[in-house]
Amino acid sequence: MVRSRMRLSNLQIVALGYFLVILTGTLLLMLPISTQEGQPPTSVLDALFTAVSASCVTGLVVVDTGTHWTLFGQLVILGLIQIGGLGFMTISLGFLLLMRKRIGLRHREVMVESINSMQLGGIVRLTRKILYGTLLFEGLGALFLAIRFIPQFGWKQGAYFSVFHSISAFCNAGFDLFGNYNSIVAYADDALVNFTLMGLITMGGLGFLVWEDLWQKKWTFRHLRLQTKIVLSTSFALTVGGGFLLLMLERNNLNVDMSNSERLLTAFFQSCTARTAGFNSVDPGAMTSGSKMLMMLLMFIGGSPGSTAGGIKTTTLMVILMYTLAGVRHARSANIFGRRLEEDALHKAIYVFFVNLIFVILGTIAICNVQNLELTDVLFEAFSAMGTVGISTGITRELEVFSRLVIIFLMYCGRVGSISFAVALMERKAVPPVTMPLEKITIG
């Protein structure tokens, strides 16, 4: 009886797993071996913030990754990024497969919950594909980046930089080693670096379920599952549309002294990276108010289900938009790509949308209540944390203890999932449903 009461649900195991990963990372980053000589000792809060940011693949930093941490500390961060990007359940299942251990039913169920899969069957086979695909994409990314970094930094450091930034980009983490909190600003006009990172960010943000569907259907669009079609079309529209809007919004600001090719490159890179990656090739703090607002919207939407990205997800956005369009047309159902969307999808989409938005608003209010910071900057920071993006206007290091704890909470909820976090805390055995009397109200 006691054991049954103590049994954790699948969602609670996922939430607890991320917590244990964060705790382990915090303890390792607090070790003297993790901090460079000449740097002040790493405090508990700084180590915790960095561990949460890395394991939740966010990229917000309170100390410079390239100059504060030793090689050991950077490798700890890289490990947290990889675990956070793939999910700790994917990593643990991978170890079991490597050791040829039997995969139990409970482990399979938690894995399904971890990657948002819709079916239990074939989950072990899918995990193998995820691990092999990750190794392939990160390896190819490192090879392309090495073309630029090895001639610049030498074989040893160039190879290390290539691997680190390839993993960071694919996992949509946004951590960099270039120093001075400048991200890839020095490579703003470098097509090789930009397109490589954009490719890795996009592949990581599409989702593991989309990979599998594309592989099985041989990239034939009309044969793909509805979710894959929605993910691909929405991701394309957001990246391209966001790029053109940023190009126009910054034409008299950041783009004034740039060549036409550099304007296009920076605009589309920022549109792509705002979808939870966290790198930046221009200073976000110097952007116009319109560009910052657009970036917040892109950060809020994020990537796709079952991916390394955060945000409310592309499918959530499309479900809400399709039902809104159906309501305007007085249609009987919401249809897309010749298929009807289920009403349960709308209910969940509304939950995800408003819970994420409420968390961002409450976090912004809490920070503004204790610190006198610009509202736009705080809101930008909150959207970045909740969407596990990592782009900042530069206020991260100015945050006080309470404000940092708020951002830590938002990053954790953004990675675990705001709905999943709430359910994991309050989940209990189902009780028989009670249907209340119906009474109509006026809407609009």
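This report concerns the structure included in the present document. (Residues numbered from 1 in each chain as written. Predicted model: local features only at pLDDT ≥ 70, side-chain atom pairs only at ≥ 80, totals over all residues. Heavy atoms only, no water.)

### Looking at the overall build of the protein
- For the protein, the helix and strand inventory stands at 19 helices and two strands.
- When each of the 444 residues of the protein is scored for burial, the buried share is 53%.
- Considering only contacts in the protein between residues 6 or more positions apart, those separated by 24 or more positions represent 70%.
- Working note: accessible area of the protein is about 22000 Å², and carbon and sulfur atoms make up 64% of it. (Helix = DSSP H or I, 4+ residues; strand = E, 2+ residues; numbered from the N terminus. Buried < 20%, exposed > 50% of the residue type's maximum accessible area, 1.4 Å probe, protein only. Contact = heavy atoms within 4.5 Å. Areas by Shrake-Rupley, 256 points an atom, 1.4 Å probe, with all protein chains shown as cover.)

### With respect to the packing of helix α17 (residues 375–386) against helix α18 (residues 401–416)
- For the pair α17 and α18, the least separation of the axes is 7 Å and the interaxial angle reads 35 degrees. Only I407, L410, M411, C413 and G414 of α18 make contact with α17, whose side of the interface consists of E381, A382, A385 and M386.
- Among the residues making up the contact of α17 with α18, the classes are represented as seven nonpolar, one polar and one charged. (Axes fitted to C-alpha atoms, helices over the stretch in contact; angles between N-to-C directions. Nonpolar A, V, L, I, M, F, W, Y, C, P; charged D, E, K, R; others polar.)

### A few points about the packing of helix α12 (residues 226–249) against helix α15 (residues 314–329)
- Where α12 contacts α15, the two axes come as close as 9 Å, and the packing angle between them is 95 degrees. By the angle between their axes, α12 is roughly perpendicular relative to α15. Side by side, α12 and α15 meet where Q227, I230, V231, T234, S235 and L238 of the first sit next to T314, T315, L317 and M318 of the second. (Parallel < 35°, antiparallel > 145°, perpendicular 65-115°, else oblique.)

### Observations concerning helix α11 (residues 208–216)
- The element α11 is largely enclosed, with a buried count of seven among its nine residues.
- All buried positions along α11 are accounted for by F208, L209, V210, W211, E212, D213 and L214.
- Positive phi shows up at K218, right after α11, with a value of about 55 degrees.

### Details of the pattern of salt bridges
- Using the criterion set out here, one finds four salt bridges in the structure.
- We note a salt bridge from R404 to D46, for which the minimum N-O separation is 2.6 Å. Placement of R404 in helix α18 and of D46 in helix α3 (residues 44–55) is noted, with a sequence separation of 358 residues between them. Per residue, the accessibility class of R404 equals that of D46, and both read buried. (Salt bridge = Lys/Arg side-chain N within 4 Å of Asp/Glu carboxyl O.)

### Focus on the packing of aromatic side chains
- Considering all chains together, one arrives at 18 aromatic pairs under this definition.
- Judged by centre distance (5.6 Å) and plane angle (90 degrees), the ring pair of F300 and F383 falls under edge-to-face. Pair noted here: F300 is in helix α14 (residues 289–301) and F383 is in helix α17, with a separation of 83 residues, a long-range link.
- Ring geometry for F359 and F409: centres 5.8 Å apart, planes at 35 degrees, overall tilted. Pair noted here: F359 is in helix α16 (residues 343–370) and F409 is in helix α18, with a separation of 50 residues, a long-range link.
- Accessibility expressed as a relative area gives 17% for F359, which makes it buried.
- Residue F409 is classed as partly exposed on the basis of its relative accessible area, which comes to 37%.
- Three or more aromatic residues joined by ring pairs form one cluster here, namely F149, F153, Y160, F161, F164, F178 and Y187.
- Over the aromatic face of Y181 sits the side chain of R397, whose NZ or CZ is 3.7 Å from the ring centroid. (Phe/Tyr/Trp six-rings, centres within 6.5 Å; stacked < 30°, edge-to-face > 60°. Lys NZ or Arg CZ within 6 Å of the ring centre and 35° of its normal.)

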